[in-house]
Amino acid sequence: MSLFITFEGVEGSGKSTQIEMLHNTFVDMRLSVVKTREPGGTAVGDRLRSLLLEPSSTPFSAQTELLLYMAARAQLAKEVIAPALKSGTFVISDRYMDSSVAYQGYGRGVDLRFVKHLNKSVSNGSIPDFTVLLDLDPEIGLARISSRPLGIFRSGLSGLDRVESESLQFHRRVRKGYLILAKENPERFVVVNGRESKELIHKQIVHELMRRHGGRFPANGSVNPNSSERSA
């Protein structure tokens, strides 16, 4: 009775907040749940994350960037996601295969068929059951990021990591790509307005999750959308 849930969206769309709220809800239900992220989630992936996101004066080619993300994904799928799902654990991932289609495909212009072929090859059979797209105007998302306290990859004048520092036009292409993906895969995607309050967004996600996959939850329980309020 495992379930693989992914969160997607442009920079600053609120994924981290919603992942934490949903994770808390599942923990309160005493479900076995793992949360992870891309790139990262493994020792190899975390090293690749630093390489991919650290601001640098040396640019990657689009193909190099794509292959590095795929390497991190292959390790995450094999080491974390596939074993967890096999054991009946729920998995929540901050980004997964759709990010490569949106960012490297639509954003960078890499051939979409090639991106999707690589995704299929490295996913180890682990395909999301439910994908939340937090849709937001990239200009609003980037403004949110700029207002955050400085941290890793947030030093210097821009305070942004390598991907966040891309042009607004790039981020708009990424958003367009996500919306196309959602339209092409309505059975998997739910699109939520990222400008709504975090509480309302969480309730919408829970409602749609139960509508589509309620049978995967314990027969004597259901997701309580208010149980995550302690994390707000």
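Residues numbered from 1 in each chain as written. Predicted model: local features only at pLDDT ≥ 70, side-chain atom pairs only at ≥ 80, totals over all residues. Heavy atoms only, no water.

We now examine unusual backbone geometry. The residue after Glu38, namely Pro39, is reached through a cis peptide bond having omega -15 degrees. Within the secondary structure, Pro39 is located in the loop between β2 (33–37) and α2 (43–53). Phi is positive for Arg95, close to 80 degrees, though the residue is something other than glycine. Along the chain, Arg95 turns up in the loop between β3 (90–94) and α4 (97–107). Its identity is not glycine, yet Asn124 carries a phi of approximately 60 degrees, on the positive side. By secondary structure assignment, the location of Asn124 is in the loop between α5 (112–122) and β4 (130–135). (Helix = DSSP H or I, 4+ residues; strand = E, 2+ residues; numbered from the N terminus.)

Once that is clear, we can look at the packing of helix α6 (residues 138–146) against helix α7 (residues 168–184). Look at α6 against α7: their axes get within 9 Å of each other, and the N-to-C directions meet at 120 degrees. Classified by the angle between their axes, α6 and α7 sit oblique to one another. Here Pro138, Glu139 and Leu142 of α6 lie close against α7, whose contacting residues are Leu168, His171, Arg172 and Arg175. The residue inventory of the contact of α6 with α7, partitioned by class, reads three nonpolar, one polar and three charged. (Axes fitted to C-alpha atoms, helices over the stretch in contact; angles between N-to-C directions. Parallel < 35°, antiparallel > 145°, perpendicular 65-115°, else oblique. Contact = heavy atoms within 4.5 Å. Nonpolar A, V, L, I, M, F, W, Y, C, P; charged D, E, K, R; others polar.)

Our focus in this paragraph is the pattern of salt bridges. According to the stated counting rule, one finds 17 salt bridges in the structure shown. As a salt-bridge pair, Glu38 and Arg73 come within 2.7 Å of each other at their nearest N and O atoms. Here Glu38, found in the loop between β2 and α2, pairs with Arg73, found in helix α3 (residues 62–86); they are 35 residues apart in sequence, far enough to count as distant. The closest approach of N and O atoms between Arg113 and Asp111, which form a salt bridge, is 3.5 Å. (Salt bridge = Lys/Arg side-chain N within 4 Å of Asp/Glu carboxyl O.)

So, about helix α1 (residues 15–28). The end-to-end C-alpha distance of α1 is 20 Å, a good match for the 20 Å that 14 residues give at a rise of 1.5 Å each. Burial in α1 covers these residues: Lys15, Gln18, Ile19, Met21, Leu22, His23, Asn24, Thr25 and Phe26. Positive backbone phi, approximately 65 degrees, marks Arg30, located one or two places after α1. (Expected span 1.5 Å × (residues − 1). Buried < 20%, exposed > 50% of the residue type's maximum accessible area, 1.4 Å probe, protein only.)

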